[in-house]
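# Structural overview
So you can see what is in the structure, the chains are spelled out below.
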Amino acid sequence: MTIVNTPRSPVIYVVRSHLVAAKACGEGLAFFDELMALQGRKRSLRLTWTHLLWALTYSPEARSYVGWAQEQGLLPRINLGYGANLYGANLRGANLYGADLYGADLRGADLRGANLYGANLYGADLRGADLRGAYLEGAYLEGAYLGGCFRWSHDSAISGWELRGNVLVRAS
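Residues numbered from 1 in each chain as written. Predicted model: local features only at pLDDT ≥ 70, side-chain atom pairs only at ≥ 80, totals over all residues. Heavy atoms only, no water.

### Here we look at the overall build of the chain
Of the regular secondary structure elements, the chain holds four helices and five strands. In the chain, which comprises 172 residues, the proportion classed as buried is 42%. Across the chain, the fraction of contacts at a sequence separation of at least 24, relative to all contacts at a separation of at least 6, is 26%. Surface summary for the chain: the accessible area is close to 9,200 Å², and the carbon and sulfur share equals 51%. (Helix = DSSP H or I, 4+ residues; strand = E, 2+ residues; numbered from the N terminus. Buried < 20%, exposed > 50% of the residue type's maximum accessible area, 1.4 Å probe, protein only. Contact = heavy atoms within 4.5 Å. Areas by Shrake-Rupley, 256 points an atom, 1.4 Å probe, with all protein chains shown as cover.)

See the structure below:
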């Protein structure tokens, strides 16, 4: 993986030979090859954060391949920086394990079934977000604003946190 910073956003280059060396599965390589062909490239894939977010929400298979590549150190974990604007984003089922969403605007975002284990949601605005079935255990939620969020009644409680005036704080 090579990350090149451009004036607009970082660009990530993933080389096919690195995936082969890491023993990527055939389906993962086929997905990679398909994306390379769409870009007209032969040896590497050019990704931006937008591409990476798209892959995390495209399909369960794509999420699995991206998660595997992140585990292998071939793709970076998502770090959107302070105050990322994800207003109304479709992140349904996304693997946001370890993502830095500090102060992110996630109002109205669809996070149904998303994996947020280890994600930093400090001060994130989740008003009206759909969190039904989202895995929040292990996420850092201090100061996250949850007014009007949707959760299933059978979704497990988030251990160690309590809601005070629609803001999450550590349980006393």
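Picking up after the structure, the text goes on.
### A short note on the pattern of salt bridges
With the rule as written, the count across this model stands at seven salt bridges. The residue Arg 107 makes a salt bridge to Asp 105 at a minimum N-O spacing of 2.6 Å. Residue Arg 112 is joined to Asp 130 by a salt bridge in which the shortest nitrogen-to-oxygen separation is 3.4 Å. Of the two residues, Arg 112 is situated in the loop between α4 (60-71) and β4 (161-164) and Asp 130 in the loop between α4 and β4; the sequence distance between them amounts to 18 residues. Look at the salt bridges and you will find they share partners, linking Asp 105, Arg 107, Asp 125 and Arg 127 into a network. (Salt bridge = Lys/Arg side-chain N within 4 Å of Asp/Glu carboxyl O.)

### Observations regarding a nonpolar patch on the surface
A grouping of Tyr 82, Tyr 102, Tyr 122 and Tyr 140 is seen on the molecular surface, where their side chains present a nonpolar patch of about 430 Å² in accessible area. Mapped onto the elements of the fold, Tyr 140 is located in the loop between α4 and β4. Relative accessible area serves as the criterion here: at 33%, Tyr 140 is assigned to the partly exposed category. (Patch = residues over 30% accessible without salt bridge, like charges linked within 9 Å, V, L, I, M, F, W, Y side chains within 5 Å.)

### Re the side chain of Asp 125
Within the fold, Asp 125 resides in the loop between α4 and β4. Engagement of the side chain of Asp 125 in a polar contact is seen with the side chain of Arg 127, the distance being 2.6 Å. In contact with Asp 125, not counting residues within four places along its chain, are Ala 104, Asp 105, Leu 106, Arg 107 and Tyr 145. (Polar contact = N/O pair within 3.5 Å; in protein donor to acceptor, adjacent residues only side chain to side chain.)

### Focus: the pairing of strand β3 (residues 44-48)
Buried residues dominate β3, accounting for four of its five residues. Of the pairings in the sheet, the one linking strand β2 (residues 11-15) to β3 comprises five bridges and is antiparallel in character. From the neighbouring strand, Tyr 13 faces β3, where its bridge partner is Arg 46. (Pairing = 2+ DSSP bridges.)

### With respect to helix α2 (residues 26-39)
Across its 14 residues, α2 extends 20 Å between first and last C-alpha, which sits within 8% of the 20 Å expected from 1.5 Å per residue. For α2, the set of buried residues is Gly 28, Leu 29, Phe 31, Phe 32, Leu 35 and Met 36. Each buried residue of α2 lies within a common arc of 160° when the element is viewed along its axis, so the set occupies one face. Along α2, exposed side chains directed more than 90 degrees from the buried face belong to Gly 26, Glu 27, Ala 37 and Leu 38. Among the residues trailing α2, Gly 40 stands out with phi positive, at a value near 70°. (Expected span 1.5 Å × (residues − 1). Arc of directions from axis to C-beta.)

### A closer look at unusual backbone geometry
The backbone phi angle of Lys 23 is positive, close to 65°, even though this residue is not glycine. Note that Lys 23 resides in the loop between α1 (16-21) and α2. Assessed through its relative accessible area of 70%, Lys 23 is described here as exposed.

### Here we look at the nonpolar core
Counting 51 residues, the largest nonpolar core has Leu 75, Leu 91, Leu 96, Leu 101, Leu 106, Leu 111 and Leu 121 as the members making the most contacts within it. Sorting the residues of this core by element identifies β2, α2, β3, α3 (49-58) and α4 as the ones contributing at least two each. Residues within four places of Leu 111 in sequence aside, it is in contact with Leu 91, Leu 96, Leu 126, Asp 130, Leu 131 and Ala 134. (Core = buried A, V, L, I, M, F, W, Y, C linked by side-chain atoms within 4.5 Å.)

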